[in-house]
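# What the coordinates show
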Amino acid sequence: MFESLSERLGGVFDRLTKAGALTEADVITALREVRVALLEADVSLPVARDFIKRVQDKATGVAVTKSITPGQMVVKIVHDELIRVLAGDGEPDALKIDNPPATILMVGLQGSGKTTTTAKLAKRLKDRNGKRVLLASLDTNRPAAMEQLAILAAQVGVDSLPIVKGESAVQIAKRAKTQANLGGYDVLFLDTAGRLHIDEVLMDEVQAVRDIAAPRETLLVVDGLTGQDAVNVAAEFDGKVGISGVVLTRMDGDGRGGAALSMRAITGKPIRFVGLGEKMDALETFEAERVAGRILG
Ligand code: GDP
């Protein structure tokens, strides 16, 4: 098991002088522990380095009051900085679905949880916001994936675009847009094809669909357990397609969530939702506080 940061720092500061203010030496010693904690939580090295530097600047010379130990003081500074990075500039959690029908493009690698997340979001919009939702799968390579989306749509009680064999992703996207307009839907989700790895064919297809669909939101779904890979995927998709936000799945697993911090720091894009299981209601809006707690242990 991981040792929590508070435990680590408690140990460090027991050996240090309990002076009235954090000295530079105290802070440097403590930040070595913070660095290990961040790396264990899967935060990427450059992001961890940058983060540590900012905390060091903030912590040196800070007065330690009697009610708080030096260790607690450093944990608080680290915690506040984590929240600052994770929460960003206060972007609203809500998806932009005004002016219906609003198209939401779902992108990501195969197996990231894209289809599941699409159905979860549809259920959420229907149940909580009373929206009429249409789902369409563009995964022409995998008929099973198209059927899976139709099954999940029926399960959560929203409509899915009838499957027509032989159409390209762009043709399906066009038909879905028309259907969303004619059918009076509020929201249209386009579940794009995923592949095991990012390649040019995938990116070209997603770009072509994006150009036709003119999405209000482009959400990237990434497996939160894949750490650094997840960050690379996010940077790549953002560069090629442009994303408006991220959904981190499998946050119910035992990963420490460091990918969230790296992703936020590297892409600057907000994490909108987290997936917390396979069930259709296992989706929550992203809360910086909770993920910060998890990273710190
Ligand atoms: P896609 O290929 O990206 O569309 O992936 P799927 O939506 O088919 O999901 C792949 C697997 O991951 C399925 O078995 C899902 O039930 C599972 N899954 C998706 N999201 C989560 C999550 O947040 N937590 C867990 N534990 N499993 C998930």
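Computed from a predicted model, the values in this text were never measured in an experiment.

## A look at the overall build of the chain
Within the chain one finds 11 helices and eight strands. Dimensions of the chain, computed from the C-alpha atoms along their principal axes, are close to 70 × 40 × 30 Å. The buried share of the chain, taken over its 297 residues, is 48%. Across the chain, every contact between residues at least 6 apart in sequence was considered, and the portion connecting residues at least 24 apart equals 78%. Carbon and sulfur atoms provide 51% of the accessible area of the chain, an area that totals close to 13,500 Å². Distance between charge centres in the chain, computed from 38 positive and 40 negative side chains, equals 2 Å.

## Here we look at the site of the ligand
The full set close to the ligand counts 17 residues, and Gly 111, Lys 114, Thr 116, Arg 250 and Asp 252 are the nearest of them. Residue Ser 112 places a main-chain N or O atom 3.1 Å away from an oxygen atom belonging to the ligand. Contact distances for the ligand include 2.6 Å between an oxygen atom and a side-chain N or O atom of Arg 250. Contact with the protein chains removes 79% of the 580 Å² of surface that the ligand exposes when unbound. Structurally, the ligand is housed in the largest pocket.

## Details of helix H9 (residues 227–240)
If you check H9, its first and last C-alpha atoms are 21 Å apart, about what 14 residues at 1.5 Å a residue would give, namely 20 Å. Buried positions along H9 lie against strand E1 (102–108), helix H8 (200–213), strand E5 (217–223) and helix H10 (258–267). Just past H9, the residue Gly 242 takes up positive phi, approximately 80°.

## Some points on the sheet that holds strand E8 (residues 283–285)
Spatial strand order, E3-E2-E4-E1-E5-E6-E7-E8: eight strands in an open sheet with mixed pairing. Since the sheet does not close on itself, it has two edges, and those belong to strand E3 (159–160) and E8, each with one partner. For E1 and E5, the ladder comprises five bridges, and the chain directions are parallel. Bridge pairing in E5 links Gly 108 to Val 221. Relative to the sheet, helix H5 (residues 114–129) contacts E1, strand E2 (133–137), strand E4 (187–191), E5, strand E6 (245–249), strand E7 (271–275) and E8, its axis offset from that of E4 by approximately 175°.

## A short note on the environment of Ala 37
One can find Ala 37 in helix H2 (residues 24–40). Taking the C-alpha atoms as reference, Ala 37 lies 8.9 Å from Arg 8; in sequence the two are 29 residues apart. Apart from residues lying up to four places away in sequence, Ala 37 is in contact with Leu 5, Arg 8 and Ile 295.

## Remarks on the UniProt feature "domain: SRP54-type proteins GTP-binding" (unreviewed entry) in the chain
Residues annotated by UniProt as "domain: SRP54-type proteins GTP-binding" (unreviewed entry) correspond here to residues 270–283. In residues 270–283, the share of helix is 0% and the share of strand is 43%. The end C-alpha atoms are 16 Å apart.

## Description of the layout of surface pockets
Approximately 440 Å³ is the volume found for the largest pocket. Gly 111, Ser 112, Gly 113, Thr 116 and Arg 250 are, among the 23 residues lining the largest pocket, the residues nearest its centre. Of all elements in the fold, only H5 and helix H6 (143–156) reach the threshold of two or more residues within the lining of the largest pocket. In terms of residue count, H5 provides more of the lining of the largest pocket than any other element does, five residues in total. Residues of the lining of the largest pocket, tallied by class, amount to five nonpolar, 12 polar and six charged. Taken together, 17 residues make up the lining of the second largest pocket; nearest its centre are Leu 109, Leu 196, Thr 226, Asp 229 and Val 233. Among the elements of the structure, E5 and H9 are those that each provide at least two residues to the lining of the second largest pocket. Residue contributions to the lining of the second largest pocket peak at five residues, all from H9. Each residue belonging to the lining of the second largest pocket can be placed in one class, and the counts come to seven nonpolar, six polar and four charged.

## Section: the packing of aromatic side chains
What the rule picks out here adds up to zero aromatic pairs. Over the face of the ring belonging to Tyr 185 we find Arg 132, whose NZ or CZ atom lies 4.4 Å from the ring centre.

## Some points on empty space enclosed by the protein
With the rule as written, the count across this model stands at one cavity of 30 Å³ or more. Estimated volume of the largest cavity: approximately 100 Å³. Surrounding the largest cavity, 13 residues form its lining, Ala 136, Ser 137, Met 146, Leu 161 and Ile 163 being those nearest its centre. If you list the elements that add at least two residues to the lining of the largest cavity, you get E2, H6 and helix H7 (169–182). Tallied by class, the residues present in the lining of the largest cavity amount to 10 nonpolar, two polar and one charged.

Procedures and definitions
Numbering of residues starts from 1 in each chain and follows the order in which that chain's sequence is written. Confidence filtering applies because this is a predicted model: local features only for residues at pLDDT of at least 70, side-chain atom pairs given and counted only at 80 or more, and all residues used for totals across whole chains, interfaces and linings. Side-chain figures throughout are based on the complete set of non-hydrogen atoms in the structure, without hydrogens or water. Going along the chain from the N terminus, every DSSP run of H or I of four or more residues is numbered as a helix, and every run of E of two or more is numbered as a strand. The rule is simple: take the accessible area with a 1.4 Å probe, protein chains only, and divide by the maximum for that residue type; under 20% is buried, over 50% is exposed, in between is partly exposed. Here, residues are in contact when the closest pair of their heavy atoms is within 4.5 Å. Note on areas: Shrake-Rupley with a 1.4 Å probe; residue coverage comes only from the protein chains shown. A positive count includes Lys and Arg, and a negative count includes Asp and Glu. His and the chain ends are not counted in either. Lys charges are placed at NZ, Arg charges at CZ, Asp charges at CG and Glu charges at CD. Summary of the distance rule: residues count as near a molecule or strand when at least one heavy atom falls within 4 Å of that molecule or strand. We define a polar contact as two N or O atoms separated by no more than 3.5 Å, with the added condition that, inside protein, one atom must be a possible hydrogen donor and the other a possible acceptor, whereas residues neighbouring each other in sequence contribute only through side-chain atom pairs. Points on a 1 Å grid, built from protein atoms alone, make a cavity when a 1.4 Å probe fits but cannot get out and make a pocket when they are open with protein on both sides within 12 Å along at least 5 of 7 lines; residues with an atom within 4 Å of a point are the lining residues. To decide whether a molecule occupies a pocket or cavity, check its atoms: if more than half lie within 2 Å of the grid points, it is inside. To estimate how far a helix should extend, the number of its residues minus one is multiplied by 1.5 Å. Strands are labelled as partners when DSSP assigns at least two bridges between them. A fitted line through C-alpha atoms serves as each axis, taken over the contacting stretch for helices, and the angle formed by two N-to-C directions is quoted from 0 to 180°. UniProt positions are given in the numbering used here, feature names are shortened, and annotations may be inferred rather than shown by experiment. Grid points are joined across faces, edges and corners, and a volume is the space filled by probe spheres set on the points. Note on residue classes: Ala, Val, Leu, Ile, Met, Phe, Trp, Tyr, Cys and Pro are nonpolar, Asp, Glu, Lys and Arg are charged, and everything else, Gly too, is polar. Classification of ring pairs rests on two measures: the distance between centres of Phe, Tyr or Trp rings, Trp counted by its six-membered ring, which must be within 6.5 Å, and the angle between planes, read as stacked under 30 degrees, edge-to-face over 60 and tilted in between. Any Lys NZ or Arg CZ found within 6 Å of a ring centre and within 35 degrees of that ring's normal is scored as a charge over the ring.

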